[in-house]
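Notes for the structure review
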Amino acid sequence: MKSMILAVGCWLSICSVAVASPDDRPPNILFFIVDDLGWQDTSLRLHAQGPPHRDAYRTPQLERLAAEGITFTDAYASSPVCTPTRTSVMTGRSPQQNQISYWILHKDRDTGGPREGTTPPSWNVNGLQPDDVTLPRLLQKGGYLTIHAGKAHLGAKGTPGENPQNLGFDINIAGHAAGGPADYRGGRSFAKDPAKPGQSVWDIPGLEKYHGQQIYLTEALALESVAAIEQAHRQKKPFFLHFSPYAVHAPIIANERWLDHYSQLPKKEAAYATMIETVDRALGTLREALEQLQILDNTVIVFTSDNGGLSAHARNGPAHTHNHPLASGKGSALEGGTRIPLVIRWPGTVKAGRRSDIPVISHDHFPTLLEIAGVRCPREHDATVEGVSLVSLLQGKDHSVDPQRALFWHMPHFWGPRGPGIQPFSSIRKGPWKLIYYHHPQPQRVLFHLGQDVGEKTDMAAQQPQIRDQLSQLLGQHLRAVKAGLPRRNGTTIPYPDRMAESTKKPN
């Protein structure tokens, strides 16, 4: 739980009134959250070094957005996997406080169960439900037309939360419980079996009019979103569009329209690059619609991802290298699992072309967007909000968000394949220092100085015991405050990071 000072500060910021727009209506909000997009999976440079195929990526729309807005180099997802991050955006609270610490699918089924002698704590396997306070519901009550398009993955199948309309969205375009598509091709009805669409849990619902057409899923979502924006404009209502293309999540399937742009790449990487380009073109489609309606300059655009880029499997080249110079990728406690792109355009407020290295995290979007919209958060919920509003930072007050603020992560589950940092963990970043507390195969703390070692190659825990212990104490206090559960190892609950004896054994 955040401190009383943070709670009061967040309440004051959320309750303030946003800068008035020319027509005295609050700004529209386009929140564009890509699935599994890595920190440098675009042509927008966030570091001098990059992964092998970065120079081939084509994302001119994102580059244009960055030139007109602010780029965050040290932005983080709330989790290295999707549902925890996405539900944190919706609530302003960390996955560990939401108790949604892993991805979900079916009602009452644990997708992150026991493995290799380690059993995760109990958690909210059903995700968000109608009685939860959510960003779209608050904006809806504040007069916004709230639109969801694409991947939802907020509530489990068989529960009311699987339908975004039960979570505060007026319009739901193709969102349901599953976190990935069976297929991206309209010619295959976006289905596992194109002859029987809707039979698989992964089949995309609600886009039947595109079945049999040569259209890519991201393109169909953009077209439907334009129609929803036009509806809001006709109704003279501000809109909140949560645009969440299933891309670039597996399965990696090429958009053949753009394959000739990537003939120099291996087949799988060429397909991946077309997915990235299609996402960027969808950003361009939405922007063009805003321009035609003459509302672009009264629209705040946020572009980000829900976790680090996929690198453990399904890609060409050595695994765990696709987010270079960051280590590992999706599912990992290391930077490749959680560091993500973030660009925000807010005309008249954000100075064009700015860059910020202040660490921010996904659950900051909740108080930020509420403040921009001038919408109040209920006091009871606000007291639990861990995110902080970035509005003052966006207005140019760089020190309004403390660069030494502690950020926390907690995923007491295994994710899919094994690899560097892909194991149950809790972690903290404070300033340049990052401590990871691995839960498996035995409790183990490692410490990195990200300012000198962004690739997390040198463990400083033994050389800096005072910093290690200070961060362990802060992490332990946080986990206890939000009532985060810790896993059991061979039947015994592991200790909090500030209550363990240091081990010399390194994690696998």
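Rules and cut-offs
Every chain is numbered independently, its residues counted from 1 as its sequence is written. For a predicted model such as this one, the threshold for reporting local features is a pLDDT of at least 70, and the threshold for listing and counting side-chain atom pairs is 80 or more; totals across whole chains, interfaces and linings nevertheless cover every residue. Side-chain figures throughout are based on the complete set of non-hydrogen atoms in the structure, without hydrogens or water. Lining residues are defined by having an atom within 4 Å of a point belonging to a cavity or pocket. Those points lie on a 1 Å grid over the protein atoms alone, cavities being sets where a 1.4 Å probe fits but cannot get out and pockets being open sets with protein on both sides within 12 Å along at least five of seven lines. Grid points are joined across faces, edges and corners, and a volume is the space filled by probe spheres set on the points. Only DSSP runs of H or I reaching four residues or more are called helices, and only runs of E reaching two or more are called strands; each is numbered from the N terminus. Residues are grouped as follows: Ala, Val, Leu, Ile, Met, Phe, Trp, Tyr, Cys and Pro are nonpolar; Asp, Glu, Lys and Arg are charged; every other residue, Gly included, is polar. Paired strands, as defined in this entry, are two strands with at least two bridges between them according to DSSP. Only one rule defines a salt bridge in this text: a Lys or Arg side-chain nitrogen within 4 Å of an Asp or Glu carboxyl oxygen. Buried means the residue's accessible area, taken with a 1.4 Å probe over protein chains only, is under 20% of the maximum for its type, while exposed means over 50%, and partly exposed covers the values in between. Fitted lines through C-alpha atoms serve as axes, helices being fitted only where they are in contact, and the angles separating the N-to-C directions of these axes extend from 0 to 180 degrees.

Before going further, it helps to spend a moment on empty space enclosed by the protein. A water-sized probe, rolled over the atoms, reveals where empty space remains. What the rule picks out here adds up to 4 cavities of 30 Å³ or more. A volume near 70 Å³ is recorded for the largest cavity. Along its surface, the largest cavity is lined by R25, P26, N28, I229, A232, H233, K236, K237, P238, F239, I295 and N298. When residues of the lining of the largest cavity are assigned to their parent elements, the largest contribution, 3 residues, is made by helix α6 (residues 217-234). Classifying every residue of the lining of the largest cavity gives 6 nonpolar, 3 polar and 3 charged.

Sheet architecture is open: 3 strands sit in the order β3-β15-β16, paired in antiparallel fashion. Pairing within the sheet leaves two strands with one partner each, and these edge strands are β3 (118-119) and β16 (492-493). In this sheet, β16 lies alongside strand β15 (residues 488-489) in antiparallel orientation, the contact comprising 2 bridges. Counterpart to R488 in the pairing with β16 is T493.

With that settled, the discussion passes to the pattern of salt bridges. Evaluated as defined, the whole model comprises 28 salt bridges. Ionic pairing is found between D35 and K151, a salt bridge with its closest N-O pair at 2.7 Å. Here K151 lies in the loop between β4 (145-150) and β5 (171-173) and D35 lies in the loop between β1 (28-34) and α2 (60-68), a separation of 116 residues in the sequence. The two residues D35 and K151 agree in class, both being buried. Here the salt bridges share partners, and the residues they tie into one network are R64, E68, R287, E291, D297 and R345.

Let us look at the sheet that holds strand β12 (residues 425-430). With antiparallel pairing, 4 strands are arranged side by side in an open sheet as β11-β12-β13-β14. Pairing within the sheet leaves two strands with one partner each, and these edge strands are β11 (407-411) and β14 (444-449). Strand-to-strand twist of the sheet, defined as the mean angle between neighbouring strand axes without regard to direction, takes the value 10°. Note that β11 and β12 share 5 bridges and pair antiparallel. Counterpart to H410 in the pairing with β12 is S426.

Without other data, these values stay purely geometric and don't point to any function.
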